Amino acid sequence: MLSVAILPAFYMALSLPVVNTVRNDAAPVALQSTLVPQKRAFRAEPPKRRYEVSAPIVSRVGKGLPTISGPKDKSLPLVVLDAGHGGHDPGAISPHGGKREKDLTLAIARAIRTELLKSGRVRVALTRDSDKFLVLQDRYGIARKMNADLFISIHADSAENPEAGGGTVYTLSEVASDREAQRLASRENKSDIINGVNLGGADADVSSILIDLTQRETMNVSAEFAKLLLRESRPNMRIRTNSHRFASFIVLKAPDTPSVLFETGYLSNEDDVEFLGSESGRQKVARSVASAIQVHFARRLASQ
(Lines give C-alpha, C1' and ligand atoms only; values in the text may rest on other atoms or scores of the structure.)
Protein backbone atom coordinates (compact mmCIF):
# COMPACT_ATOMS: atom_id res chain seq x y z
CA MET A 1 0.00 0.00 0.00
CA LEU A 2 1.22 3.51 -0.84
CA SER A 3 1.64 5.59 2.27
CA VAL A 4 -0.25 8.89 2.49
CA ALA A 5 2.08 10.23 5.17
CA ILE A 6 4.68 11.46 2.66
CA LEU A 7 3.33 14.57 0.95
CA PRO A 8 5.14 16.69 -1.64
CA ALA A 9 6.86 19.66 -0.01
CA PHE A 10 5.18 21.95 -2.50
CA TYR A 11 1.70 21.18 -1.17
CA MET A 12 2.90 21.22 2.39
CA ALA A 13 4.22 24.76 1.86
CA LEU A 14 0.90 25.89 0.44
CA SER A 15 -1.11 24.12 3.16
CA LEU A 16 -3.46 22.64 0.61
CA PRO A 17 -5.35 19.41 1.29
CA VAL A 18 -4.38 16.48 -0.89
CA VAL A 19 -6.74 13.68 -1.79
CA ASN A 20 -4.77 10.52 -2.59
CA THR A 21 -5.90 7.53 -4.57
CA VAL A 22 -4.72 4.38 -2.78
CA ARG A 23 -3.91 1.37 -4.94
CA ASN A 24 -3.27 -2.21 -3.77
CA ASP A 25 -1.82 -3.30 -7.10
CA ALA A 26 1.72 -4.64 -7.12
CA ALA A 27 2.72 -2.39 -10.02
CA PRO A 28 4.08 0.98 -8.96
CA VAL A 29 1.81 3.91 -9.60
CA ALA A 30 2.25 7.66 -9.44
CA LEU A 31 0.65 9.62 -6.66
CA GLN A 32 -2.51 11.27 -7.93
CA SER A 33 -3.75 14.41 -6.24
CA THR A 34 -6.69 16.73 -6.54
CA LEU A 35 -6.38 20.35 -5.43
CA VAL A 36 -9.28 21.68 -3.44
CA PRO A 37 -10.01 25.26 -4.50
CA GLN A 38 -9.19 27.85 -1.88
CA LYS A 39 -10.53 31.38 -1.55
CA ARG A 40 -7.19 33.14 -1.72
CA ALA A 41 -5.03 33.27 -4.83
CA PHE A 42 -1.51 31.91 -4.80
CA ARG A 43 1.48 31.36 -7.07
CA ALA A 44 3.79 28.42 -7.32
CA GLU A 45 6.71 30.84 -7.10
CA PRO A 46 6.72 34.03 -5.04
CA PRO A 47 6.27 37.11 -7.23
CA LYS A 48 9.30 39.27 -7.75
CA ARG A 49 9.30 42.19 -5.37
CA ARG A 50 8.90 45.65 -6.82
CA TYR A 51 9.75 48.78 -4.93
CA GLU A 52 8.46 52.27 -5.46
CA VAL A 53 10.49 55.16 -4.15
CA SER A 54 9.44 58.78 -4.02
CA ALA A 55 12.37 61.10 -4.65
CA PRO A 56 12.26 64.69 -3.35
CA ILE A 57 13.08 66.12 -6.79
CA VAL A 58 10.40 67.53 -9.03
CA SER A 59 10.35 69.27 -12.36
CA ARG A 60 11.24 72.92 -12.10
CA VAL A 61 10.23 73.88 -15.62
CA GLY A 62 8.01 76.92 -15.43
CA LYS A 63 8.79 77.47 -11.75
CA GLY A 64 11.27 80.31 -11.63
CA LEU A 65 12.76 80.23 -15.11
CA PRO A 66 16.35 81.47 -15.50
CA THR A 67 17.08 85.16 -15.90
CA ILE A 68 17.62 86.34 -19.45
CA SER A 69 20.73 88.49 -19.84
CA GLY A 70 21.27 91.00 -22.61
CA PRO A 71 19.05 93.43 -24.52
CA LYS A 72 15.37 93.70 -23.60
CA ASP A 73 14.42 93.37 -27.26
CA LYS A 74 12.43 90.12 -27.47
CA SER A 75 12.86 90.03 -31.23
CA LEU A 76 16.54 89.14 -30.73
CA PRO A 77 17.42 85.42 -30.69
CA LEU A 78 17.65 83.68 -27.33
CA VAL A 79 20.45 81.21 -26.63
CA VAL A 80 20.15 78.84 -23.66
CA LEU A 81 23.45 77.50 -22.34
CA ASP A 82 23.34 74.33 -20.28
CA ALA A 83 26.26 73.66 -17.94
CA GLY A 84 26.33 69.87 -17.67
CA HIS A 85 25.91 68.03 -14.36
CA GLY A 86 25.75 69.90 -11.03
CA GLY A 87 24.73 69.39 -7.42
CA HIS A 88 25.17 65.80 -6.28
CA ASP A 89 26.30 64.87 -9.83
CA PRO A 90 29.93 65.96 -10.34
CA GLY A 91 30.26 64.47 -13.81
CA ALA A 92 33.78 63.40 -14.77
CA ILE A 93 36.54 63.92 -12.21
CA SER A 94 40.04 64.49 -13.52
CA PRO A 95 42.90 62.31 -12.29
CA HIS A 96 45.08 65.39 -12.89
CA GLY A 97 44.27 67.56 -9.89
CA GLY A 98 40.72 66.37 -9.23
CA LYS A 99 38.88 69.04 -11.24
CA ARG A 100 35.18 68.26 -11.57
CA GLU A 101 33.22 68.47 -14.78
CA LYS A 102 30.31 70.29 -13.13
CA ASP A 103 32.59 73.16 -12.07
CA LEU A 104 34.34 73.54 -15.42
CA THR A 105 31.12 73.41 -17.45
CA LEU A 106 29.61 76.19 -15.35
CA ALA A 107 32.73 78.32 -15.72
CA ILE A 108 32.72 77.76 -19.49
CA ALA A 109 29.00 78.57 -19.78
CA ARG A 110 29.51 81.82 -17.90
CA ALA A 111 32.46 82.71 -20.13
CA ILE A 112 30.35 82.08 -23.24
CA ARG A 113 27.56 84.26 -21.86
CA THR A 114 30.00 87.11 -21.21
CA GLU A 115 31.39 86.84 -24.74
CA LEU A 116 27.95 86.73 -26.35
CA LEU A 117 26.70 89.77 -24.47
CA LYS A 118 29.52 91.86 -25.90
CA SER A 119 27.86 91.82 -29.30
CA GLY A 120 24.49 93.05 -28.08
CA ARG A 121 22.86 90.92 -30.77
CA VAL A 122 21.59 87.98 -28.72
CA ARG A 123 19.93 87.27 -25.40
CA VAL A 124 21.38 84.58 -23.15
CA ALA A 125 20.10 82.37 -20.33
CA LEU A 126 21.80 79.60 -18.33
CA THR A 127 19.86 76.53 -17.23
CA ARG A 128 21.87 76.72 -14.02
CA ASP A 129 24.02 79.57 -12.72
CA SER A 130 24.99 77.79 -9.51
CA ASP A 131 25.95 74.33 -8.29
CA LYS A 132 22.54 72.69 -8.49
CA PHE A 133 21.13 69.51 -9.98
CA LEU A 134 18.68 69.47 -12.88
CA VAL A 135 17.09 66.39 -14.40
CA LEU A 136 17.83 66.01 -18.10
CA GLN A 137 14.30 66.71 -19.29
CA ASP A 138 14.26 69.97 -17.33
CA ARG A 139 17.39 71.15 -19.09
CA TYR A 140 15.92 71.16 -22.56
CA GLY A 141 12.47 71.79 -21.07
CA ILE A 142 13.71 75.17 -19.87
CA ALA A 143 14.85 76.02 -23.38
CA ARG A 144 11.47 75.06 -24.82
CA LYS A 145 9.54 76.95 -22.15
CA MET A 146 11.58 80.07 -22.87
CA ASN A 147 11.14 79.65 -26.65
CA ALA A 148 14.89 79.50 -27.14
CA ASP A 149 16.30 79.73 -30.63
CA LEU A 150 19.34 77.61 -29.80
CA PHE A 151 20.30 75.22 -26.98
CA ILE A 152 23.93 74.30 -26.23
CA SER A 153 24.82 71.76 -23.55
CA ILE A 154 28.41 72.11 -22.32
CA HIS A 155 30.38 69.07 -21.15
CA ALA A 156 33.91 67.78 -20.57
CA ASP A 157 34.19 64.02 -20.90
CA SER A 158 36.74 61.49 -19.72
CA ALA A 159 38.16 58.50 -21.58
CA GLU A 160 39.99 55.29 -20.78
CA ASN A 161 42.76 56.39 -23.13
CA PRO A 162 44.61 59.30 -21.46
CA GLU A 163 45.86 60.42 -24.88
CA ALA A 164 42.32 61.10 -26.11
CA GLY A 165 41.72 64.84 -26.17
CA GLY A 166 40.09 67.73 -27.96
CA GLY A 167 36.59 68.96 -28.56
CA THR A 168 33.66 67.07 -30.08
CA VAL A 169 30.17 68.21 -31.05
CA TYR A 170 27.21 65.86 -30.82
CA THR A 171 23.80 66.16 -32.43
CA LEU A 172 20.77 63.95 -32.03
CA SER A 173 20.31 60.62 -33.72
CA GLU A 174 18.54 57.48 -32.57
CA VAL A 175 21.40 55.54 -34.13
CA ALA A 176 24.82 56.30 -32.65
CA SER A 177 27.55 57.17 -35.15
CA ASP A 178 30.06 54.95 -33.35
CA ARG A 179 30.60 52.94 -30.17
CA GLU A 180 32.18 55.81 -28.30
CA ALA A 181 29.21 58.07 -29.03
CA GLN A 182 26.86 55.32 -27.86
CA ARG A 183 28.88 54.81 -24.67
CA LEU A 184 28.89 58.50 -23.86
CA ALA A 185 25.18 58.94 -24.50
CA SER A 186 24.40 55.93 -22.32
CA ARG A 187 26.46 57.34 -19.48
CA GLU A 188 25.14 60.89 -19.73
CA ASN A 189 21.55 59.65 -19.94
CA LYS A 190 21.99 57.97 -16.55
CA SER A 191 22.57 61.29 -14.81
CA ASP A 192 18.95 61.19 -13.59
CA ILE A 193 19.41 57.85 -11.83
CA ILE A 194 20.40 57.78 -8.16
CA ASN A 195 20.76 54.38 -6.53
CA GLY A 196 18.52 52.86 -9.16
CA VAL A 197 15.80 55.50 -8.88
CA ASN A 198 15.01 57.36 -12.09
CA LEU A 199 14.37 60.99 -11.22
CA GLY A 200 13.57 62.02 -14.76
CA GLY A 201 10.83 59.65 -15.81
CA ALA A 202 9.36 59.41 -19.27
CA ASP A 203 8.47 62.36 -21.45
CA ALA A 204 5.53 61.81 -23.75
CA ASP A 205 6.54 64.85 -25.82
CA VAL A 206 9.49 62.98 -27.30
CA SER A 207 8.09 59.45 -27.55
CA SER A 208 7.84 59.70 -31.32
CA ILE A 209 10.59 62.23 -31.80
CA LEU A 210 11.86 61.09 -35.18
CA ILE A 211 8.44 60.86 -36.80
CA ASP A 212 7.49 64.50 -36.45
CA LEU A 213 8.52 66.68 -39.36
CA THR A 214 9.32 69.58 -37.05
CA GLN A 215 11.84 67.38 -35.27
CA ARG A 216 13.50 66.47 -38.55
CA GLU A 217 13.91 70.13 -39.46
CA THR A 218 15.28 70.83 -35.99
CA MET A 219 17.85 68.06 -36.41
CA ASN A 220 18.96 69.53 -39.74
CA VAL A 221 19.45 72.99 -38.23
CA SER A 222 21.34 71.44 -35.31
CA ALA A 223 23.69 69.62 -37.67
CA GLU A 224 24.39 72.81 -39.61
CA PHE A 225 25.22 74.66 -36.40
CA ALA A 226 27.49 71.80 -35.31
CA LYS A 227 29.54 72.26 -38.48
CA LEU A 228 29.80 75.99 -37.81
CA LEU A 229 30.86 75.43 -34.23
CA LEU A 230 33.64 73.09 -35.27
CA ARG A 231 34.82 75.47 -37.98
CA GLU A 232 35.01 78.40 -35.57
CA SER A 233 36.64 76.31 -32.84
CA ARG A 234 39.57 74.90 -34.78
CA PRO A 235 41.65 78.11 -34.76
CA ASN A 236 41.24 78.46 -30.99
CA MET A 237 41.36 74.98 -29.49
CA ARG A 238 42.17 71.37 -30.21
CA ILE A 239 39.39 69.51 -32.01
CA ARG A 240 39.23 65.75 -32.42
CA THR A 241 39.22 63.95 -35.72
CA ASN A 242 35.72 62.69 -36.54
CA SER A 243 34.59 65.63 -34.44
CA HIS A 244 30.88 65.72 -35.40
CA ARG A 245 29.17 62.70 -33.91
CA PHE A 246 25.63 61.50 -33.43
CA ALA A 247 23.95 59.84 -30.48
CA SER A 248 20.62 59.65 -28.65
CA PHE A 249 21.28 62.12 -25.85
CA ILE A 250 18.17 62.84 -23.81
CA VAL A 251 19.28 66.43 -23.32
CA LEU A 252 19.14 66.98 -27.11
CA LYS A 253 15.58 65.74 -27.56
CA ALA A 254 13.71 69.04 -27.69
CA PRO A 255 11.60 68.50 -30.79
CA ASP A 256 11.47 72.16 -31.77
CA THR A 257 14.72 73.71 -30.47
CA PRO A 258 17.99 73.28 -32.41
CA SER A 259 20.38 71.66 -29.94
CA VAL A 260 23.99 70.50 -29.72
CA LEU A 261 26.13 68.97 -27.02
CA PHE A 262 29.66 70.39 -26.98
CA GLU A 263 32.26 68.16 -25.36
CA THR A 264 34.95 70.78 -24.83
CA GLY A 265 37.68 68.29 -23.95
CA TYR A 266 38.67 65.31 -21.84
CA LEU A 267 39.38 65.60 -18.13
CA SER A 268 41.39 62.39 -18.43
CA ASN A 269 43.82 64.26 -20.68
CA GLU A 270 46.33 66.42 -18.82
CA ASP A 271 46.63 69.02 -21.59
CA ASP A 272 42.86 69.41 -21.86
CA VAL A 273 42.55 69.82 -18.10
CA GLU A 274 45.17 72.55 -18.11
CA PHE A 275 43.46 74.28 -21.06
CA LEU A 276 39.90 74.15 -19.69
CA GLY A 277 41.06 74.92 -16.16
CA SER A 278 42.65 78.20 -17.25
CA GLU A 279 40.79 81.45 -17.82
CA SER A 280 42.57 81.95 -21.14
CA GLY A 281 41.50 78.49 -22.33
CA ARG A 282 37.88 79.08 -21.38
CA GLN A 283 37.94 82.44 -23.16
CA LYS A 284 39.10 80.69 -26.34
CA VAL A 285 36.22 78.26 -26.05
CA ALA A 286 33.85 81.15 -25.44
CA ARG A 287 35.06 83.08 -28.48
CA SER A 288 34.63 79.99 -30.63
CA VAL A 289 31.06 79.41 -29.50
CA ALA A 290 30.10 83.08 -29.69
CA SER A 291 31.49 83.39 -33.21
CA ALA A 292 29.58 80.32 -34.39
CA ILE A 293 26.35 81.62 -32.85
CA GLN A 294 26.66 85.01 -34.54
CA VAL A 295 27.30 83.43 -37.94
CA HIS A 296 24.42 80.99 -37.39
CA PHE A 297 21.85 83.70 -36.70
CA ALA A 298 23.20 85.95 -39.46
CA ARG A 299 22.61 83.11 -41.92
CA ARG A 300 19.15 82.43 -40.56
CA LEU A 301 18.24 86.10 -40.87
CA ALA A 302 19.57 86.29 -44.42
CA SER A 303 17.54 83.26 -45.48
CA GLN A 304 14.23 84.67 -44.26
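Residues numbered from 1 in each chain as written. Predicted model: local features only at pLDDT ≥ 70, side-chain atom pairs only at ≥ 80, totals over all residues. Heavy atoms only, no water.

**Let's talk about helix α3 (residues 136-145)**
Put simply, the test is: Whether a residue is buried, partly exposed or exposed follows from its accessible area with a 1.4 Å probe, protein chains only, as a fraction of its type maximum: under 20%, in between, or over 50%, in that order. Helix and strand definitions here come from DSSP, where helices need a minimum of 4 consecutive H or I residues and strands a minimum of 2 consecutive E residues; each element is numbered from the N-terminal end.
With respect to burial, α3 is a largely interior element, 8 of its 10 residues being buried. When we look at burial in α3, the residues that qualify are Leu136, Gln137, Asp138, Arg139, Tyr140, Gly141, Ile142 and Ala143. Count one or two residues on from α3 and you reach asparagine 147, which has phi positive near 55°.

**Points about the pattern of salt bridges**
Rules: Salt bridge, as applied in this entry: a Lys or Arg side-chain nitrogen positioned within 4 Å of an Asp or Glu carboxyl oxygen.
The full count for this structure, using the stated rule, is 10 salt bridges. Between glutamate 232 and arginine 231 there is a salt bridge, with the nearest N and O atoms lying 2.7 Å from each other. The class of arginine 231 is partly exposed, set by a relative accessible area of 42%. Notably, a salt bridge pairs aspartate 272 with arginine 238, separated by 2.9 Å at the nearest N-O pair. With aspartate 272 in helix α6 (residues 270-277) and arginine 238 in the loop between α5 (213-233) and β7 (239-247), the pair connects residues that are 34 residues apart, well separated along the chain. A residue is classified by how much of its surface remains accessible, and aspartate 272, at 6% relative accessible area, is buried. Residue classification places arginine 238 among the partly exposed positions, given a relative accessible area of 40%.

**Brief notes about the layout of surface pockets**
Threshold: Whether a set of points on the 1 Å grid over the protein atoms alone is a cavity depends on a 1.4 Å probe fitting there but being unable to get out, while an open set qualifies as a pocket with protein on both sides within 12 Å along at least five of seven lines; lining residues are those with an atom within 4 Å of a point. Grid points are joined across faces, edges and corners, and a volume is the space filled by probe spheres set on the points. Note on residue categories: nonpolar means Ala, Val, Leu, Ile, Met, Phe, Trp, Tyr, Cys or Pro, charged means Asp, Glu, Lys or Arg, and polar means any other residue, Gly included.
Looking at the largest pocket, its volume works out to about 430 Å³. When residues in the lining of the largest pocket are grouped by element, the largest group, 6 residues, is from helix α7 (residues 279-302). Among the residues making up the lining of the largest pocket, the classes are represented as 8 nonpolar, 5 polar and 3 charged.

**Looking at the packing of helix α2 (residues 101-117) against α7**
Between two packed helices, both the angle of their axes relative to each other and the distance between the axes serve to describe the pair. Put simply, the rule reads: Here an axis means a line fitted to C-alpha atoms, over the contact stretch when the element is a helix, while the angle between two N-to-C directions is reported on a 0 to 180 degree scale. The labels follow the angle: roughly parallel below 35 degrees, roughly antiparallel above 145, roughly perpendicular from 65 to 115, and oblique for the rest. The handedness criterion is simple: a crossing whose near helix is rotated anticlockwise from the far helix by less than a right angle is left-handed, and one whose near helix is rotated clockwise is right-handed. What makes two residues a contact is simply this: any of their non-hydrogen atoms within 4.5 Å.
Where α2 meets α7, the axes come as close as 8 Å, and the angle between the chain directions of the two elements is 50°. One way to sum up the angle between α2 and α7 is to call them oblique. Pair α2 / α7 crosses with right-handed handedness. Between α2, through Leu104, Ala107, Ile108, Ala111, Ile112, Glu115 and Leu116, and α7, the contact on the second element is made entirely by Arg282, Val285, Ala286, Arg287, Val289, Ala290 and Ile293.

Honestly, that's just the spatial picture; any functional story needs more than this.
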